[in-house]
Number of protein chains: 4
Amino acid sequence: MRIWEEHTHGMMGRLPTYLNRGAMGLAAGAAYFSEADSRFGANALRRYEYLREHDLCMTATLSSPQANRAASVANQADPFLAARIKEETNAGLIVRGCRMLATLPIADELLVYSGAPLRNPEQEAPYAFVFSIPSDTQGIRFICRESVDYGRSHYDHPLASRFEELDAVVIFDDVLVPWENIFVSHDVPRCNSAFSRTGAAVHMDHQTVVKNIVKAEFMLGLASLLVNSIGAEVFQHIYEKLAELWLNAETMKACLRAAEADAALDEWQIMRPAEDPLVAACILFSRMYPRMVEIIQQIGASGLVAMPTEADVRGPLAEDIKKFYQAARAEAFDRIPMFRLAWDASVSAFASRQVLYERFSRGDPIRVANALVLTHEDQLQRCAERVYEFIRQGRDEAFAQPSDDSVDG
Amino acid sequence: MRIWEEHTHGMMGRLPTYLNRGAMGLAAGAAYFSEADSRFGANALRRYEYLREHDLCMTATLSSPQANRAASVANQADPFLAARIKEETNAGLIVRGCRMLATLPIADELLVYSGAPLRNPEQEAPYAFVFSIPSDTQGIRFICRESVDYGRSHYDHPLASRFEELDAVVIFDDVLVPWENIFVSHDVPRCNSAFSRTGAAVHMDHQTVVKNIVKAEFMLGLASLLVNSIGAEVFQHIYEKLAELWLNAETMKACLRAAEADAALDEWQIMRPAEDPLVAACILFSRMYPRMVEIIQQIGASGLVAMPTEADVRGPLAEDIKKFYQAARAEAFDRIPMFRLAWDASVSAFASRQVLYERFSRGDPIRVANALVLTHEDQLQRCAERVYEFIRQGRDEAFAQPSDDSVDG
Amino acid sequence: MRIWEEHTHGMMGRLPTYLNRGAMGLAAGAAYFSEADSRFGANALRRYEYLREHDLCMTATLSSPQANRAASVANQADPFLAARIKEETNAGLIVRGCRMLATLPIADELLVYSGAPLRNPEQEAPYAFVFSIPSDTQGIRFICRESVDYGRSHYDHPLASRFEELDAVVIFDDVLVPWENIFVSHDVPRCNSAFSRTGAAVHMDHQTVVKNIVKAEFMLGLASLLVNSIGAEVFQHIYEKLAELWLNAETMKACLRAAEADAALDEWQIMRPAEDPLVAACILFSRMYPRMVEIIQQIGASGLVAMPTEADVRGPLAEDIKKFYQAARAEAFDRIPMFRLAWDASVSAFASRQVLYERFSRGDPIRVANALVLTHEDQLQRCAERVYEFIRQGRDEAFAQPSDDSVDG
Amino acid sequence: MRIWEEHTHGMMGRLPTYLNRGAMGLAAGAAYFSEADSRFGANALRRYEYLREHDLCMTATLSSPQANRAASVANQADPFLAARIKEETNAGLIVRGCRMLATLPIADELLVYSGAPLRNPEQEAPYAFVFSIPSDTQGIRFICRESVDYGRSHYDHPLASRFEELDAVVIFDDVLVPWENIFVSHDVPRCNSAFSRTGAAVHMDHQTVVKNIVKAEFMLGLASLLVNSIGAEVFQHIYEKLAELWLNAETMKACLRAAEADAALDEWQIMRPAEDPLVAACILFSRMYPRMVEIIQQIGASGLVAMPTEADVRGPLAEDIKKFYQAARAEAFDRIPMFRLAWDASVSAFASRQVLYERFSRGDPIRVANALVLTHEDQLQRCAERVYEFIRQGRDEAFAQPSDDSVDG
């Protein structure tokens, strides 16, 4: 099945991720890096071509640990808690410290950049870098969370057994980052705007929305299968739930289509999709996905916790199971793997990990909302002015009248 | 201000409504009516041109009263409860009975058709018609609800005093509908599919989404004004609320853009926007709009019930008001009409009538969901098949293995 | 009907409000005021008895205008923006400035206190007072919002025509507050804790929950009538909506019962209901009420905007109306006033004003949540400790084992 | 920790479940069974005493498989799909067929009854029984779902490793149920009302609400720990989330208190808690619990997927972990098990299984709502009548006036 593969694929180490798409974006806007140092732009381009030609898979780590949230990255108790440039040598930068959450740590290449803006150009300069290096570079260590692939068969855990990606904290133990892997160094403004200016952010969002469509259609298809197998369409609310899943998928598709229809050449002469519909789609999806999972739970209901395992259906009770697990329009042996898939999409640890991923992959929702408003202030201002113009007319009209007409009724 | 005018305009009797757009759609697919009777297609075309050339405004009535919901329209206690053809004469049809809810009954022309499908081609034939006649045709009576324009000034009720449309029940007291106004007569299948087949439905949805964008941007602008005037941006949740309003507007815009990007010639050689993004946008908006009104209430809060009227600001307490109603960044006399507008958009009877309109203008949400699923069965089936293919692989894989390997760890 | 009267009554100027109940609470804990000045306790007691014996109705104003939200009440551009003590004389205090939102300004007596805590005992002392005076005391001016009683009959606006309370901003124009009306003066700590320490807050919450029950049962009864009249029980979701209304009413009743069952003598030897269930009920209701109104809209649907007025049902179209407005199980002339009541409970300006009142009468939801957490820190701490104890056991157990056993599977 | 033990306990096979409480209720109302056959009442009493004296743990199976939901239990393709009485012998009943979902199948004793009412006294008589037998009775087979205890340590999976209960389908392969274990046989009315009439239902709900309080306080304590460890209280929305958890716990406590305060002797002279507050609490909790889990996810956020396992914290990277996983106010080695607990409460398969349990343990939400409305029709009717009385007054008042006064302003 290609459904999840487009998104989760890394275990095979072959397919490009949305971060590969980001690398493409950085290469597209390489001229932006060259403004600081002509080598940097060339690096971004060369590194992308290397990944592409060798068909390598990329992950990234973009946030710093913040033991103390009230202090900036440079003012934590230990200045090397967050990864920073320890020294600069002829060979490259020596980096020491920690970075949070790389999803798919088994990827070939690791992109290191800042997801949240740095505020202090002076003090935070040692934290201001963008580079891309092989994941197995000496001195890099990954501390992974527990895998949610618990070693079960494809039958029992159809998704987790295939598509678990893992997440990891990344520790840089005096890692030498060669100059040829570096795109930004000691440069807070360029570090902060690298992804927006080059277009990498939009390109990544574009791939994210493609992934969203695939997941939304997967959930829609799964829900349709469940409904049909148990004859649940006798309940009126089932139509509302299917309709909601359809609306989710359709919204994602409309946003993608709009972004593509309004694509245009950017300042680097690269075709760039329109940004706003993609940003909207990404934020909307972080709210839609948990609800989709809830809908699968509501449709599957107690059927989700009644299903036997592969060992059972191939064991001595197979005949009992065949008889007692049949559904209105599905043989037991069709229905069981269908509900096992629904389990792995809505109940298993893998399922909930997906929910967490979708909820938070863009960052804390409050900060996402904040950033959205700040980057769209002009647009809000234009809307506000149109309304204010209307208000002003009413106000002026009132005071233009002679006062004795003004009394109510 | 053009903001609301694009949607609500009828009081001036000048601007076309989305039903004018529907009339255009019926004219575009006039050939469909001609298949039954060559006069009918010509009527649809001529009537549309007449409206267009005389710049007339159109409303419609599309649902039948159902005193007893358990019985069909033909099986109510009184066969003339719902408007039906009483007889056919050389001059036209004589229609008697009642139709529900025409919004904007002051419109010049009244389109009469069936919003919900009729089920019984024989029995319900007398209820199966589409025609368009002047609202002041003899025998037509409108029973209006109470107006929510309570006679206040533009200052006090900035929206209700300008944009109230009214709603009415329409009674046909043996009305003669001339043949030249008739598009469908005694024809259940054609009555049911008139709007979808001709494209009228899509064209109306297109205009509805334009209206949705205008309203969403109005709410976004209004919220921005309120937030700015009272300095509410110190509260983190305010960003979430502004972001939500922006997402609503952006979703509408993406759907419109996608529908236009994928417009294509239909079977009548008319350019027709893609249907699915418009349908999605219309259904989504029925859920978004009540939430937008809630957001305005949450931002305006007690400020919404503290505002004086025009009589006050022009009366003896004007100086007191000027002093005590000032806000962080707004003079009292700017802030008051701003909050009065917020009141009329979120608290007044006009505001709630708008909520009801948006909630129900497409029909009962359960029926809307039901119809959506039924008209998209093919698409759901395709999604289901892709998922089923994946399930089948896992199932076959399990049973292809020798049985002794199958036992869980 | 007594349903709404228990809550809204003031137009008759006769029935006690929940602020009368607050005055009772202040009198009950009068000893607390006497700790500062023996006259103050006696004042609280005497004033309460005066209200009670003369059957007077009380309102209150408890918040200060804050043109600049970033500054405290004492640091606004004008020190007399918020009402403050201008001077102290033998006769009493001279008060100048403004206070926000008194609901029911037509009440006989006005209680003036601080709903939000003052922070600075020195600087804010002139704003730290509690007193109770007749509403028509010289120098007091009310600036009212527009009335939502638009002068219609009981038939057309069954609620607004009877129960509109109005809201007003109160301006003190050098008002002399005699010493015998004063309970707290120039005393920030006592001003802040007056209502909690004396028990007035709990007593007011108790009456509020009684009001909540009455409103919840009113909505439940109204919904039942609507459902029955149009035979809406054929829709499955109707049961969910009725069940939700029932759950709301039952939750309020359980909280009231629990508070009464655990009532106990307080430090002033007065029977005081348990506080937590009442606080919970009050906060919950601010979320329940808007949803109840939404449910009435969802059940009433387009029926809410189809109803004629009293003028119509008594006018020349009465026979038409009788015929065409009948419902499955209701005569038209029964159904119309039922839907008019539903309109006034869910669509009219009166209805939305009720929504605003319930949403915000306890204050800004963020601040309410904040205060709730801060006043229940001990309880949260106890819950946290029990969980931490469990965590510690697991942690100690892990490290107590020899290290070679610790490796996963 | 006692927190979860009160609810989940069965793995130790020692503690009574809420079904033991049900057995107590059946014994209390034993006289109801004796009305049909004097042995049956004695059986209910004796069986309960046996469980109590031997400290045995009870589970139950109460629903029938319905391959075809459009047909009743007696009209499925195979009459022995659902467990039914195959024959009656001197020794007892011979039962053949299947029953759905026993939670905690490792319990000592199995109670078999009907959760959903049977409709047809004649045809469904063979399905109308209540009995209680040891789980290891010959011919009983359990088909369990996959365990969500994946064999990890208490450190890694603090909840699943201790409290997994399992769920099972129960197959009766010609099981002999001795007469002394039978409370109802071939008796549709008594089978349907066994739990409500005897009081068993209320007693079970009482224990369920105790469990709900424990879970709600656990979630509140866990959230408090998380917030404190990461210093999350700088975000305003955190207070809203803590407040929501507190409101949930408080609502459950108020309902329990109200039910106990209004307990009264029932028709069997047994003290029975008031039913309505408990029913409300149970239904409310099915909506609260999924939201509580969501709140834990929202507070824990990416911290939930960053945590290492026991093997890591005891392995060679322990020093790295100690350094990089510290939080604002928690050492790494305190914080990690805290987040592992949060994972097992909100992300793991165990966590989602709890969500499913709470969502559906009372049955399908639509049916629950339906049953609630039907069993409270009298109460709804009383509320409706009070509202109708108010409507009637307004209506009569209108028509009592002379007609010329009736025209709107």
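Nothing here was measured: the structure is a model prediction, and the numbers come from that model. (Residues numbered from 1 in each chain as written. Chains lettered and ligands numbered in written order. Predicted model: local features only at pLDDT ≥ 70, side-chain atom pairs only at ≥ 80, totals over all residues.)

Thoughts on the overall build of chain A
Across its full length, chain A carries 14 helices and 10 strands. Dimensions of chain A, computed from the C-alpha atoms along their principal axes, are close to 85 × 70 × 45 Å. The buried share of chain A, reckoned over its 409 residues, is 56%. Partitioning the contacts of chain A with sequence separation of at least 6, the portion at a separation of at least 24 is 75%. (Helix = DSSP H or I, 4+ residues; strand = E, 2+ residues; numbered from the N terminus. Buried ≥ 20, exposed ≤ 12 C-beta atoms within 10 Å, placed from the backbone. Contact = placed C-beta atoms within 7 Å.)

Quick look at the domain arrangement of chain A
Residue and element names in this part refer to chain A. On domain assignment, one finds that chain A holds domain 1 (10–196) and domain 2 (200–363). One C-alpha centre belongs to domain 1, the other to domain 2; they are set 30 Å apart. At the level of secondary structure, the elements contributing two or more residues to the side of domain 1 that touches domain 2 comprise helix H1 (18–28) and helix H5 (188–198). Take the side of domain 1 that touches domain 2: its biggest share by element is seven residues, from H1. Among the residues forming the side of domain 1 that touches domain 2, the class breakdown is 11 nonpolar, seven polar and three charged. (Domains from an automatic or database assignment. Nonpolar A, V, L, I, M, F, W, Y, C, P; charged D, E, K, R; others polar.)

Focus on the packing of helix H6 (residues 200–230) of chain A against helix H8 (residues 275–300) of chain A
Packed helices, taken two at a time, are described by their axes: the angle between them and the distance between them. Residue and element names in this part refer to chain A. Between H6 and H8, the shortest axis-to-axis distance is 9 Å and the interhelical angle comes to 20°. Taken together, the axis directions place H6 and H8 in an arrangement best described as roughly parallel. Regarding H6 and H8, the two cross each other, and that crossing is left-handed. Contacts from Val202, Asp205, His206, Thr208, Val209, Asn212, Met219, Leu222, Ala223, Leu226 and Val227 in H6 reach Glu275, Leu278, Val279, Ala281, Cys282, Phe285, Met292, Ile295, Ile296, Ile299 and Gly300 in H8. Among the residues making up the contact of H6 with H8, the classes are represented as 16 nonpolar, four polar and two charged. (Axes fitted to C-alpha atoms, helices over the stretch in contact; angles between N-to-C directions. Parallel < 35°, antiparallel > 145°, perpendicular 65-115°, else oblique. Left-handed = near helix turned anticlockwise from the far one by under 90°.)

Points about the pairing of strand S7 (residues 167–178) of chain B
Residues and elements named next belong to chain B. Pairing between strand S3 (residues 92–103) and S7: nine bridges, direction antiparallel. Within S7, the residue paired with leucine 93 across the bridge is valine 177. Note that strand S6 (residues 140–144) and S7 share five bridges and pair antiparallel. Across the sheet, phenylalanine 142 pairs through a bridge with valine 170, a residue of S7. (Pairing = 2+ DSSP bridges.)

Comments concerning the packing of helix H14 (residues 377–400) of chain C against helix H6 (residues 200–230) of chain D
At a minimum axis distance of 7 Å, the contact between H14 of chain C and H6 of chain D shows a crossing angle of 90°. Of the possible angle classes, the one that applies to H14 of chain C and H6 of chain D is roughly perpendicular. Across the interface between the two elements, Leu380, Cys383, Ala384, Arg386, Val387 and Tyr388 of chain C from H14 of chain C touch Glu217, Phe218, Leu220, Gly221, Leu222, Ser224 and Leu225 of chain D from H6 of chain D. Broken down by class, the residue content of the contact of H14 of chain C with H6 of chain D amounts to nine nonpolar, two polar and two charged.

Remarks on the sheet that holds strand S6 (residues 140–144) of chain A
Residue and element names in this part refer to chain A. Pairing is antiparallel in the open sheet, where four strands are placed in the order S2-S3-S7-S6. What marks the edges here is a single partner per strand, and that holds for strand S2 (84–88) and S6. When strand polarity is set aside, the average angle formed by the axes of neighbouring strands in this sheet is 10°.

Describing the relation of the copies chain C and chain B
Least-squares fitting of chain C to chain B yields an RMSD of 0.0 Å, with the transformation described by 0.0 Å of translation along the axis and a rotation of 180°. Taken together, the rotation and translation describe the operation of a two-fold axis. Within chain C, the C-alpha atom positioned nearest to the axis of rotation is that of alanine 349 of chain C, 2.3 Å from it. Same-surface contact between copies: 100% of interface residues of chain C are shared with the interface of chain B. (Least-squares fit on C-alpha atoms with pLDDT ≥ 70 in both.)

Section: the sheet that holds strand S2 (residues 84–88) of chain C
All names here are of chain C. One open sheet accounts for four strands, arranged S2-S3-S7-S6; its pairing is antiparallel. Two strands close off the open sheet at either side, each with one partner strand: S2 and strand S6 (140–144). Ignoring strand direction, the axes of neighbouring strands in this sheet form an average angle of 10°. Summarising the sheet, S2 and strand S3 (residues 92–103) pair through four bridges and their orientation is antiparallel. Across the sheet, isoleucine 85 pairs through a bridge with valine 95, a residue of S3.

Overview of the interface of chain C and chain B
The interface is formed by 50 residues belonging to chain C together with 50 residues belonging to chain B. Contributions of two or more residues to the side of chain C that touches chain B are made by S3, strand S7 (167–178), helix H10 (318–324) and helix H12 (349–360) of chain C. If one sorts the elements of the side of chain C that touches chain B by residue count, H12 of chain C sits on top with seven residues. The residue makeup of the side of chain C that touches chain B, split by class, is 31 nonpolar, nine polar and 10 charged.

Looking at H1 of chain A
Because each turn of an α-helix spans 3.6 residues, side chains separated by three or four positions end up pointing in the same direction. Most of H1 of chain A sits out of view: nine of its 11 residues are buried. Along H1 of chain A, the positions that sit buried rather than exposed are Leu19, Asn20, Gly22, Ala23, Met24, Gly25, Leu26, Ala27 and Ala28 of chain A.

Some thoughts on the interface of chain A and chain B
Residue-level contacts link 67 residues of chain A with 67 residues of chain B. If you list the elements that add at least two residues to the side of chain A that touches chain B, you get H6, helix H7 (236–261), H8, helix H9 (310–313), helix H11 (332–346), helix H13 (365–375) and helix H14 (377–400) of chain A. Each residue belonging to the side of chain A that touches chain B can be placed in one class, and the counts come to 39 nonpolar, 15 polar and 13 charged.

A look at the environment of aspartate 396 of chain A
All names here are of chain A. Along the polypeptide, aspartate 396 turns up in helix H14. On the basis of neighbour count, aspartate 396 is assigned to the exposed category, with 11 C-beta atoms found within 10 Å. A C-alpha to C-alpha distance of 46 Å links aspartate 396 and proline 189, two positions 207 residues apart in sequence.

Side note on the confidence of the model for chain A
Residue and element names in this part refer to chain A. Residues of chain A with pLDDT of at least 70 account for 94%, and the chain-wide mean is 91. Taken as a whole, residues 1–14 scores under 50 in pLDDT and shows 33 contacts with residues more than four places along the chain or in a different chain. As scored by the predictor, the complex reaches a pTM of 0.94 and an ipTM of 0.93. (pLDDT = per-residue confidence, 0-100.)

Things to note about the pairing of strand S3 (residues 92–103) of chain D
The buried fraction of S3 of chain D is high, at nine of 12 residues. What sits between the antiparallel neighbours strand S2 (residues 84–88) of chain D and S3 of chain D is a turn of three residues.

Focus on the environment of methionine 338 of chain D
Here methionine 338 of chain D is to be found in helix H11 (residues 332–346). Take methionine 338 of chain D: there are 26 C-beta atoms within 10 Å of it, and that puts it in the buried class. Sequence spacing of methionine 338 of chain D and tyrosine 155 of chain D is 183 residues, and the spatial spacing of their C-alpha atoms is 9.8 Å. Look past the residues within four positions of methionine 338 of chain D in its chain and what remains in contact with it is Ile391 of chain C together with Leu225, Leu226 and Ser229 of chain D.

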